[in-house]
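Each chain is listed here by its residues.
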Amino acid sequence: MNTVTERRIDSQLLAELIEGGIRNLQIHREEVNDLNVFPIPDGDTGNNMLLTMQGGESAVPHESEGIGEYARRAADGMLFSARGNSGVILSQIADGIAAGLEGREYADVESTARAFQCGVEHAYSAVSEPVEGTILTVIREASEYAAAQECADVQEYLNAFLLQAHESLQHTPELLEILKKAGVVDSGGAGLIYIVEGALSVLSGEKIEDPAGLSDHTVSAAPGAGLNFDLFDEDSELVYGYCTELMLRLQRKKTDIENFDIEAFREFLQSIGDSVVCLKTGSIVKLHVHTKEPYRVLQYGQRFGEYLTVKVENMSLQHNNLPADSKLADPEVHKPFGIVAVATGEGNKKIFRDMGADQIVQGGQTMNPSADDFIEAFRRLSADTIFVLPNNGNVILAAEQAARLYTEADVRVIPSHTIGDGYAVLSMLDLDSKDADRIEQDMRQAMEGVVTGCVTRCIRDAEMNGLLLREGQYLGIVGKDIVSADNDRRDTACMLTTRMDFDNHQICILIRGEDSTEEEAQEILKRLRKAHPSYEIYVLDGGQEIYSYYIILE
């Protein structure tokens, strides 16, 4: 057990710190989820941060590996696993810390302070419009305060960090009006504190109290069902090749590690396959390629080192097991443009496919997809330019992170904040110009003026925007405002529309969720048509969770 005399952190100890942070976050995950601005069942910050952290936990330190090399591998795992705004920012903090520790065998208090400051810089740069009163404020103020103290070791640094982090968290409502109105502190900042507290418990030798055994409850990212091997039989033809993923440890006796030509390696992979991802961090090369000749990848890579992990999967078998909305692209059919859209609910997924989306990424509120989920969707496409519709404000950062990580296509994220934005983009989709810049501009313009409202349940008593809200009521929400509340769902939906500026729109689309009925939707439709006789109004069956209705005005 590590003690208070620990003055340097090596790779093995860093792995233990990460594990401690994950364990403490697991215990307090629901507390972080419940720090939700709106009293509705969509709090998922704790889930997102935990799944992001678990991506870093999968990197196991190797014997005699320096802390810089291990931190990079752990950060890469978090970058690919990141989901939700707080998860993406957390992964960028880890990315910055890894950059700050690059080349180091150990971390002392000075290098730890510099690494945390680098983490702050990476986190802020990852967000196009940084907002104070969030996890960004907490990490910045805590890092600055701890760095200014005369700390003897990393443990003292983390104690100082936490002292300021708690104070910064309590001040977040003063910086962000929406937190003040809801009477909560920032959930991402709270999650960060729990992670650092867990890491500090490892250094101090204190046992984290977990009376309910909550740290044993893992969060699932909804893995798919097992493969059916009968779908590739003795007469099947290998059409899609093999999904080949390898982790190669470069060996000094075989190559010059510092001057290793990663571009030449990438060019070789591109010559025998596609969907190439090839990254070098320290002495490790991580690669992904779709090829019909995986043995050539193995042979080529072994010229330079030895393999740490090897995964080769038959993509024809994968294709046959994929749901209809996730099929692999035909390798013989290359498209100039492809579209990836995020949707939840079988009806919504079908709507988006029918309107032109090539790949659907499962996700939405409480189910934010990871950067790796997007990358998998990109890999299933064979297109020069890929347009991405996140359709949720909490998914945009993960989509943008995936776009930066994926190099086999020109990936452009269209910042659709709602399903209404995505619907409007696809309803106006025109690829005939064959000009990616023009198409992107048209997509962004299609979202202008679109208004999306939603109806959902209230999960706690609250007071917002002058409304006294009670648990169990139905709420009508537009953007960041709760504008209607009633015990009757139909009345709530109709009151919601009175706050949605019908006068400046021509079309109203009512998308019903899984907990509503066609009969109820038709009654709402009838009332809306009576109130707005000159408007085109119709109902679609979306089947989404959480929200009983989406109401879209175009």
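Residues numbered from 1 in each chain as written. Predicted model: local features only at pLDDT ≥ 70, side-chain atom pairs only at ≥ 80, totals over all residues. Heavy atoms only, no water.

We now examine the side chain of N392. Structurally, the position occupied by N392 is in the loop between β7 (383-389) and α16 (396-405). Not counting the four nearest positions on each side in its chain, N392 is found in contact with G364, Q365, S416, H417 and T418. (Helix = DSSP H or I, 4+ residues; strand = E, 2+ residues; numbered from the N terminus. Contact = heavy atoms within 4.5 Å.)

Working note: regular strand, side chains alternate between the two faces of the sheet. Sheet topology places β7 next to strand β8 (residues 410-413); 4 bridges connect them, and they run parallel. Each bridged residue has a counterpart across the sheet, and for T385 the counterpart in β8 is D410. As for the winding sense of the linkage, the β-α-β connection from β7 through α16 to β8 is right-handed. (Pairing = 2+ DSSP bridges. Right-handed = clockwise from strand over helix to strand, strands pointing away.)

What follows deals with the packing of helix α3 (residues 45-57) against helix α4 (residues 67-81). α4 packs onto α3 with a crossing angle of 140° between their chain directions and a minimal axis gap of 7 Å. Crossing hand, α3 versus α4: right-handed. Residues L51, T52, M53, G55 and G56 of α3 form the contact with α4, whose own contacting residues are Y70, A74, G77, M78 and S81. Looking at the contact of α3 with α4, its residues break down into 5 nonpolar, 5 polar and no charged. (Axes fitted to C-alpha atoms, helices over the stretch in contact; angles between N-to-C directions. Left-handed = near helix turned anticlockwise from the far one by under 90°. Nonpolar A, V, L, I, M, F, W, Y, C, P; charged D, E, K, R; others polar.)

This next bit is on the packing of aromatic side chains. Applying the stated criterion across every chain yields a total of 13 aromatic pairs. On the basis of an interplanar angle of 45° and a centroid distance of 6.0 Å, the ring pair of F265 and F304 is categorised as tilted. Placement of the pair is F265 in helix α11 (residues 262-272) and F304 in the loop between α12 (294-301) and β4 (305-314), with a sequence separation of 39 residues. Residue class for F304 comes out buried when judged on its relative accessible area of 16%. Consider the rings of Y300 and F304, whose centres lie 5.3 Å apart with planes at 70°: the pair is edge-to-face. Through a chain of ring-to-ring contacts, three or more aromatic side chains come together here, namely F260, F265, F268, Y300 and F304. A cation over a ring is seen here: R8 above Y106, with NZ or CZ 3.9 Å from the ring centre. Against the face of F80 rests K286, its NZ or CZ located 4.7 Å from the ring centre. (Phe/Tyr/Trp six-rings, centres within 6.5 Å; stacked < 30°, edge-to-face > 60°. Buried < 20%, exposed > 50% of the residue type's maximum accessible area, 1.4 Å probe, protein only. Lys NZ or Arg CZ within 6 Å of the ring centre and 35° of its normal.)

Moving on to the pattern of salt bridges. Enumeration over the complete set of coordinates arrives at 30 salt bridges. Its salt-bridge partner being D410, residue R412 comes within 3.0 Å of it at the nearest N-O pair. Salt bridges linked by common partners bring D410, R412, D437, E440 and R444 together as one network. (Salt bridge = Lys/Arg side-chain N within 4 Å of Asp/Glu carboxyl O.)

Our next topic: helix α10 (residues 187-204). For α10, which comprises 18 residues, the first-to-last C-alpha distance of 26 Å matches the rise-based estimate of 26 Å (1.5 Å per residue) to within 8%. N-capping of α10 is provided by D186, with a side-chain oxygen placed 3.3 Å from the backbone N of G188. G205, located one to two residues past α10, shows a positive phi value of around 80°. (Expected span 1.5 Å × (residues − 1). Polar contact = N/O pair within 3.5 Å; in protein donor to acceptor, adjacent residues only side chain to side chain.)

This paragraph deals with the confidence of the model for the chain. In this model, the chain carries a mean pLDDT of 88, and residues with pLDDT of at least 70 account for 92%. Low pLDDT (under 50) marks residues 1-5, which in the prediction has 13 contacts with non-local residues, meaning those over four places away or in another chain. Predicted confidence is poor over residues 222-226, with pLDDT under 50, and the contacts of this stretch with residues over four places away or in other chains come to 1 contact. (pLDDT = per-residue confidence, 0-100.)

For the rest of this paragraph, the subject is the sheet that holds strand β2 (residues 273-281). Strands sit in the order β2-β3-β1-β4 across an open sheet of 4 strands; the sheet is antiparallel. If you trace the sheet from one side to the other, it starts and ends with β2 and β4, each paired once. Taken pair by pair, the neighbouring strands of this sheet meet at an average axis angle of 10°, ignoring direction. α11 contacts β1 (242-250), β2 and β3 (284-291) of the sheet and is inclined by roughly 160° relative to β2.

Ranked by size, the top nonpolar core spans 89 residues in total, and within it I9, Y157, F161, F374, F378 and I386 carry the most contacts. Ranked by the residues each element gives to this core, the list is headed by α10, at 10 residues. Leave out the neighbours within four places in its chain, and F374 touches V340, V342, V361, P369, V388, V395, A398, A399 and A402. Of all hydrophobic cores here, the second largest spans 42 residues; its members include I339, I360, I419 and I511. (Core = buried A, V, L, I, M, F, W, Y, C linked by side-chain atoms within 4.5 Å.)

As a further point, take unusual backbone geometry. Non-glycine residue N391 carries a positive phi angle of around 60°. Although it is not a glycine, D501 adopts a positive phi angle of roughly 60°. Along the polypeptide, D501 turns up in the loop between α19 (489-497) and β14 (507-512).

Once that is clear, we can look at the environment of Q155. Within the secondary structure, Q155 is located in helix α8 (residues 154-175). Assessed through its relative accessible area of 10%, Q155 is described here as buried. In sequence terms Q155 and T498 are 343 residues apart; their C-alpha atoms lie 56 Å from each other.

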